[in-house]
Amino acid sequence: SFVEGKSIFNEPSVKTLNYSELSEGQKEVVDIGKQLGWTVKFESVFAKDENGRARKDENGNYIRAEGKVNALTKVIYIDYNCKKPIKFVFIHELADFLSKNYTAKYFRFMRKIMRSGLFKNYITAKGYKSISDYNKVICAQRIKNKDPNFTKPGADTKLQANIEMFSDFCGEHLFSDEGGL
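Caption draft 1: Local environment of the layout of surface pockets. Taken as a whole, the largest pocket spans an internal volume of roughly 1100 Å³. Only β4 (67-70), α2 (86-101), α5 (131-144), α6 (148-151) and α7 (157-173) provide two or more residues apiece to the lining of the largest pocket. The biggest single contributor to the lining of the largest pocket is α2, with seven residues. For the lining of the largest pocket, the class distribution of residues is 17 nonpolar, seven polar and 16 charged.

And the structure:
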């Protein structure tokens, strides 16, 4: 019988929620995704290694992720038990997609926003003295969690941390009820 997270062929099993099982907030994100030409699925999402296999923590438990994006199929997966607000995860994953697929324009936009007073206020409100301080914390967390974007040889960890930082910023500020851009 199905047991979520139990290993099947050395990979955790995945539970996917049907539309009728979604909360109103989850349904709203699915509907926004449709309007943008994306499919949004709520299921158990696991962090992957550089080979695409689910990563485990030091105790051998599979590491959950808040979300992931598949650019080829235009599907955003959001963990149905994610701790962060659903819209935050949705926008964060869209920003991740843009960073990988519209590189030049995305990075011009990212640099412009990260130089703004609004972004500096965001960093300060999160309790950091500078972008560099926040960047170091993200790098340390991602390396500890064995994120392949940070651990593979030649990884540009500063750039990867800036992408994560900017995606978080987008998740918190784009289309939000308060303080949106």
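Caption draft 2: Representation of a positive patch on the surface within the structure. Residues Lys 105, Arg 108, Arg 111, Arg 115 and Lys 120 make up a contiguous surface patch of positive charge. The biggest single contributor to the positive patch is helix α3 (residues 103-114), with three residues. For Arg 108, the location among the structural elements is in helix α3.

Caption draft 3: Examining the nonpolar core more closely. Judged by nonpolar contacts, the single largest core of 37 residues is most densely connected at Val 40, Phe 42, Ile 78, Phe 90, Phe 119 and Phe 166. With eight residues, α2 is the largest single contributor of residues to this core. Residues within four places of Phe 90 in sequence aside, it is in contact with Val 29, Ile 32, Gly 33, Leu 36, Val 40, Ile 76 and Ile 78.

Caption draft 4: Seen up close, the sheet that holds strand β5 (residues 75-79). On the basis of which strands lie adjacent, the open sheet formed by three strands has the order β3-β5-β4 and mixed pairing. Pairing within the sheet leaves two strands with one partner each, and these edge strands are β3 (39-43) and β4. Averaged over all adjacent pairs, the angle separating strand axes in this sheet is 20°, with direction ignored. Pairing geometry for β3 and β5, over five bridges, is parallel. When the bridges of β5 are listed, Val 40 appears paired with Ile 76. Along the sheet face, α2 touches β3, β4 and β5 and points at about 140° away from the line of β5.

Caption draft 5: Representation of the packing of α2 against α3 in the model. Two elements in contact, α2 and α3, have axes whose closest approach is 6 Å; the angle formed by their N-to-C orientations is 125°. The orientation of α2 with respect to α3, classified from their angle, is oblique. On α3, the residues touching Ala 95, Leu 98, Ser 99, Lys 100 and Asn 101 of α2 are Thr 103, Tyr 106 and Phe 107.

Caption draft 6: Broad picture of the side chain of Glu 43. Counting through the fold element by element, Glu 43 comes out in strand β3. We note that Glu 43 is buried and unpaired, the nearest opposite charge coming from Lys 68 at a distance of 4.9 Å. Apart from residues lying up to four places away in sequence, Glu 43 is in contact with Val 14, Lys 15, Thr 16, Tyr 77, Ile 78, Asp 79 and Tyr 80.

Caption draft 7: Fine view of α3. Along its twelve residues, α3 runs 16 Å from first to last C-alpha, staying within 8% of the 16 Å computed at 1.5 Å per residue. Taken as a whole, α3 has its buried residues at Tyr 106, Phe 107, Met 110, Ile 113 and Met 114. All buried residues of α3 lie within an arc of 130° about the axis, which places them on one face of the element. Seen from the buried face of α3, the exposed residues on the opposite side, beyond 90 degrees, are Lys 105 and Lys 112. Here the buried face of α3 lies against α2, α4 (117-125), α5 and α7.

Caption draft 8: Region of the structure containing the pairing of β5. Taken across its five residues, β5 has five buried, putting it largely inside the fold. Along β5, one buried face is formed by Val 75, Tyr 77 and Asp 79 and the opposite face, lined by Ile 76 and Ile 78, is buried too. Across four bridges, the pairing between β4 and β5 is antiparallel. Opposite Lys 68, over in β5, you have Tyr 77 as the bridge partner.

Calculation rules
- Residues numbered from 1 in each chain as written.
- Predicted model: local features only at pLDDT ≥ 70, side-chain atom pairs only at ≥ 80, totals over all residues.
- Heavy atoms only, no water.
- 1 Å grid on protein atoms, 1.4 Å probe; cavity = no way out; pocket = protein on both sides within 12 Å on 5 of 7 lines; lining within 4 Å.
- Points joined across faces, edges and corners; volume = space filled by probe spheres on them.
- Helix = DSSP H or I, 4+ residues; strand = E, 2+ residues; numbered from the N terminus.
- Nonpolar A, V, L, I, M, F, W, Y, C, P; charged D, E, K, R; others polar.
- Patch = residues over 30% accessible without salt bridge, like charges linked within 9 Å, V, L, I, M, F, W, Y side chains within 5 Å.
- Areas by Shrake-Rupley, 256 points an atom, 1.4 Å probe, with all protein chains shown as cover.
- Salt bridge = Lys/Arg side-chain N within 4 Å of Asp/Glu carboxyl O.
- Lys, Arg positive; Asp, Glu negative; His and termini not counted.
- Charge placed at Lys NZ, Arg CZ, Asp CG, Glu CD.
- Core = buried A, V, L, I, M, F, W, Y, C linked by side-chain atoms within 4.5 Å.
- Buried < 20%, exposed > 50% of the residue type's maximum accessible area, 1.4 Å probe, protein only.
- Contact = heavy atoms within 4.5 Å.
- Pairing = 2+ DSSP bridges.
- Axes fitted to C-alpha atoms, helices over the stretch in contact; angles between N-to-C directions.
- Parallel < 35°, antiparallel > 145°, perpendicular 65-115°, else oblique.
- Expected span 1.5 Å × (residues − 1).
- Arc of directions from axis to C-beta.

Spatial relationships are all this shows, so hold off on functional conclusions.
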